[in-house]
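Topology and contacts: notes
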Amino acid sequence: MVNPIMLILIPLLTVFLINLVNIKWPKFSAGLSFLAIALTTGMAFTLLPEVMQAPIEVVIAGTKAPIGINLLIGPLGLMLSLIILVTSLLVSMYSFSYISDERKGMYSGLFLLLIVGSLGMVMTGDIFNLFVFFEILCISSYILVAYQRNEHSLEASIKYLLLGSIGSLFLLISIAILYRGLGTLNIADIAARVGELPPSTRIAAAAFFTIGIGVEAAIFPLNSWLPDAHSSAPSSISAMLSGFVIEVALVVLIKIVFSLFAFAALFWLLAVVGVVSLLIGEFAAYRQENIKRMLAYSSIGQVGLILFALSLGTEAATRAAFLQIINHAAAKSALFLVSGYMIIRTGSYQIADYRGIARRMPVSGFVFFLAVLSLVGVPPLFGFFSKFSIVMAAVSSGSTGATVLTGLVLLGTVVEAAYFIRVLQHFYQREPAKAVTAARSERGAGAESSIEAPIAAMLPVLAFALFLTGGVLLLGSITGLADAAVQDLFARLVSVLA
Amino acid sequence: MMIPLSIHTILNIGSFGLLVIGLAIIFTKRNLITMVIGLNVADVGANILLVNAGFVKDGTAPIFTTAVGSAQAMSDPVPQALVLTSIVIGFGITALALALIVKLYRRRTTLDVSKIRGLKW
């Protein structure tokens, strides 16, 4: 049996190893980080059968919880870990050719730290460790956003850092309030005894916690950093940040809300906030001329949709939300990765400069097309099933409020379809833009030659596309895992209300 | 009439005061360095609140010596351990923020947030 702590330890120790290797042989660092992620992903898959039977608890340093620190890996944690690991495995493969400057070593190390932070957040059973892993995640993403060292990325990183640090402060205050009230840091122990707290203390802790994690989960109105940060990071990092980092923060928020602060009012507030994020994100995306900003705003919209589904508080809606997280991770990563090479080839971020690019980058154009269809929810792609089940779950929950909000969700989807179709029209136009005719690749000149991205970068993108089309065939086993994750989440809810 | 305040209450009020002052600096000032100072002030507030969560009335330092043998008479050591972690994280974030600001200053030669495009709150 693999000890689940290895999922965190292997990437973390590889970071130190990379920093050593980087002194002498910097070109091996990317390969090393890829191997570490591949090994970790394999291990996570071998844990699957065991976790589906019973959650694994890892006692650290020989002291049992609630006094000691523990890791708790249930189906929910493992499902998120798999999303994190598979996405990062493919993105790290893409990075081989995409990150070509001399700072590869630093990039690979921070990339692994980002994964360590995310994995730790979903696996830990201790609220202070949650804070520490949250900080690992945040600090590595601040640095990666600033990786390109131009004015935009530095500004975006500073803005992200200031807002993110305020979020971390609020999280810390919430932890201090909970510890003062209950004298424990173990999440399960807090959940069992949270009823002992006076209601005002619980509400204060819930408010600080929601705001604290809400900054990273990009909940409206705490998301003003996101469009800048996601659009000025390297495209591979944008794919990671949009693909799973926001969703991890969101699910951790919902997990804590379920197990500690299950107030009906908070669920309603989060549902409304989710729909507001969705509408603001989609309408803002509609107005963008810069492709990466458009994708970043679209992520705000998608996260709003996921938050809406999660906070409906029914099992069907939560399962649908998990499917949507998987769909978004694959589709948005593919979109960011494809646009990464379009930006390199044309040297422009403007959508107007991509007129006719699909003729010179046929595979990229087609993957973009597929990912857009899946994100909007066109059958028979994976996104159709997730979005359809969100809408069905919301309508069948029976309350008028949920039905009204569902109407707004559908409006958001229409807007989303509108701006993505506009981009696709640009891609498939006959008259190419100047930037497209002038684009050159390392393979050859000529206005008609292919400027497709290198194969090493296209393979992961194709893997995402394959999942979006063929994922429907896996729907049975994915739904099985999602169902187990839903049970995992709802088991916490019952223990609080009982 | 004076209301007797315990040191615990005073520290709690003080830490919330520091938090409010820090956040006010971040949201009202336009100079990036000042904003980082505000972040530090708020950070100190949160740290005091956290370490204060382990307050025990008349508690001594949580070290077993021959003079003090009972764990009941000691302050709770867990928040003190937590706050050390939190201070280190705060230090790291400050260092990173200042490094980024230096890089930005070399390109823009201004620290004024309102003059830096895209940095509007």
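This structure is a prediction, so every number in the text was calculated from the model and none was measured.

1. A closer look at the overall build of chain B
Within chain B, the secondary structure is distributed over three helices and zero strands. Along the chain direction, N to C, the helices and strands of chain B fall in the order α-α-α. What you see for chain B is a C-alpha radius of gyration of 20 Å, clearly larger than the 14 Å of a compact globule of 121 residues, by over 25%. The principal-axis extent of the C-alpha atoms belonging to chain B is close to 60 × 40 × 15 Å. When each of the 121 residues of chain B is scored for burial, the buried share is 27%. Sequence-distant contacts, at least 24 apart, represent 54% of the contacts inside chain B between residues at least 6 apart.

2. Details of the overall build of chain A
Helix and strand content of chain A: 20 helices and two strands. Computed over C-alpha atoms, the radius of gyration of chain A comes to 22 Å, within 12% of the 23 Å expected from 2.2 N^0.38 for 498 residues, which places it in the range of a compact globule. Overall, the C-alpha framework of chain A stretches about 75 × 60 × 40 Å when taken along its three principal axes. Counting every position in chain A, which comprises 498 residues, the buried fraction comes to 60%. Considering only intrachain contacts with a sequence separation of at least 6, the fraction spanning at least 24 residues in chain A is 79%.

3. Looking at the nonpolar core
Of all hydrophobic cores here, the largest spans 216 residues; its most connected members are V248, L250, A309, A334, A371 and L468 of chain A. Ignoring any residue separated from it by four or fewer positions in sequence, one finds L250 of chain A in contact with A217, V303, I306 and L307 of chain A.

4. What about the interface of chain A and chain B?
Where the parts come together, the accessible area they lose is often given as the size of the interface. Listed as interface residues are 27 residues of chain A and, on the opposing side, 30 residues of chain B. Across the side of chain A that touches chain B, the residue classes tally to 16 nonpolar, four polar and seven charged.

5. Some details on the packing of helix α3 (residues 75-98) of chain A against helix α10 (residues 235-260) of chain A
All names here are of chain A. Relative to each other, α3 and α10 sit at 170°, their axes nearing to 9 Å. Here α3 lies roughly antiparallel to α10, going by the angle between them. In this structure, α3 uses L80, I83, I84, T87, S88, V91, Y94, S95 and Y98 to contact α10, whose residues at the interface are S235, S236, A239, M240, G243, F244, V248 and V251. Each residue belonging to the contact of α3 with α10 can be placed in one class, and the counts come to eleven nonpolar, six polar and no charged.

6. Overview of the pairing of strand β2 (residues 69-73) of chain A
Residue and element names in this part refer to chain A. Of all the five residues making up β2, four are buried; the element is thus mostly covered by neighbouring parts of the structure. Bridge count between strand β1 (residues 56-60) and β2: five bridges; the pairing is antiparallel. Of the residues in β2, the one forming a bridge with V58 is L71.

7. Remarks on the confidence of the model for chain B
Averaged over all residues, the pLDDT of chain B is 86; the fraction at 70 or higher stands at 91%. Reported for the predicted complex are a pTM of 0.93 and an ipTM of 0.92.

8. Looking at unusual backbone geometry
Residue and element names in this part refer to chain A. The peptide bond linking F220 to P221 adopts the cis configuration, its omega dihedral lying at 0°. You can see P221 is positioned in the loop between α8 (199-216) and α9 (226-232). Residues P379 and P380 are joined by a peptide bond in cis, for which omega reads 5°. The topology assignment puts P380 in the loop between α15 (362-376) and α16 (382-396). The backbone of A218 shows a phi angle near 60°, a positive value even though the residue is not glycine. Looking at the secondary structure, you find A218 in the loop between α8 and α9.

9. What to know about the environment of I89 of chain B
Residue and element names in this part refer to chain B. Among the structural elements, I89 can be located in helix α3 (residues 77-108). Note on I89: 21 C-beta atoms within 10 Å, which makes it buried. Counting along the chain gives 84 residues from I89 to L5, while the straight-line C-alpha distance between them is 32 Å.

10. A word on α15 of chain A
Residue and element names in this part refer to chain A. Its 15 residues place the ends of α15 21 Å apart at the C-alpha level, agreeing with the 21 Å of an ideal helix rising 1.5 Å per residue. Within α15, eleven of the 15 residues are buried, leaving the element largely enclosed by the surrounding structure. All of the buried residues along α15 are S364, G365, V367, F368, L370, A371, V372, L373, S374, L375 and V376. Backbone geometry just downstream of α15 places G377 in the positive-phi region, at approximately 100°.

11. Structural notes on the packing of helix α13 (residues 315-346) of chain A against helix α19 (residues 455-470) of chain A
All names here are of chain A. The interhelical angle for the contact between α13 and α19, taken along N-to-C directions, is 150°, at an axis separation of 9 Å. Relative to α19, α13 is oriented roughly antiparallel. Between α13 and α19 lies a crossing of left-handed hand. Seen from α13, the contacting residues are A330, A331, S333, A334, L337, V338 and Y341; seen from α19, they are A457, P460, V461, F464, A465, F467 and L468. Its residues assigned to classes, the contact of α13 with α19 shows 13 nonpolar, one polar and no charged.

12. Comments concerning the environment of L169 of chain A
One can find L169 of chain A in helix α6 (residues 151-182). A residue is classified by how many C-beta atoms lie within 10 Å of it, and L169 of chain A, with 25 of them, is buried. Sequence-wise, L169 of chain A and F209 of chain A are 40 residues apart; in three dimensions their C-alpha atoms are separated by 9.7 Å. Leaving out residues up to four positions away in the same chain, L169 of chain A has contacts with A42, D43 and A46 of chain B.

13. Digging into the environment of S108 of chain A
The topology assignment puts S108 of chain A in helix α4 (residues 104-123). If near-sequence neighbours (up to four positions away) are discounted, S108 of chain A is found in contact with I18, S29, A30, L32 and S33 of chain A.

Analysis parameters
- Residues numbered from 1 in each chain as written.
- Chains lettered and ligands numbered in written order.
- Predicted model: local features only at pLDDT ≥ 70, side-chain atom pairs only at ≥ 80, totals over all residues.
- Helix = DSSP H or I, 4+ residues; strand = E, 2+ residues; numbered from the N terminus.
- Rg over C-alpha atoms; globule rule 2.2 N^0.38 Å.
- Buried ≥ 20, exposed ≤ 12 C-beta atoms within 10 Å, placed from the backbone.
- Contact = placed C-beta atoms within 7 Å.
- Core = buried A, V, L, I, M, F, W, Y, C linked by C-beta atoms within 7 Å.
- Nonpolar A, V, L, I, M, F, W, Y, C, P; charged D, E, K, R; others polar.
- Axes fitted to C-alpha atoms, helices over the stretch in contact; angles between N-to-C directions.
- Parallel < 35°, antiparallel > 145°, perpendicular 65-115°, else oblique.
- Pairing = 2+ DSSP bridges.
- pLDDT = per-residue confidence, 0-100.
- Expected span 1.5 Å × (residues − 1).
- Left-handed = near helix turned anticlockwise from the far one by under 90°.

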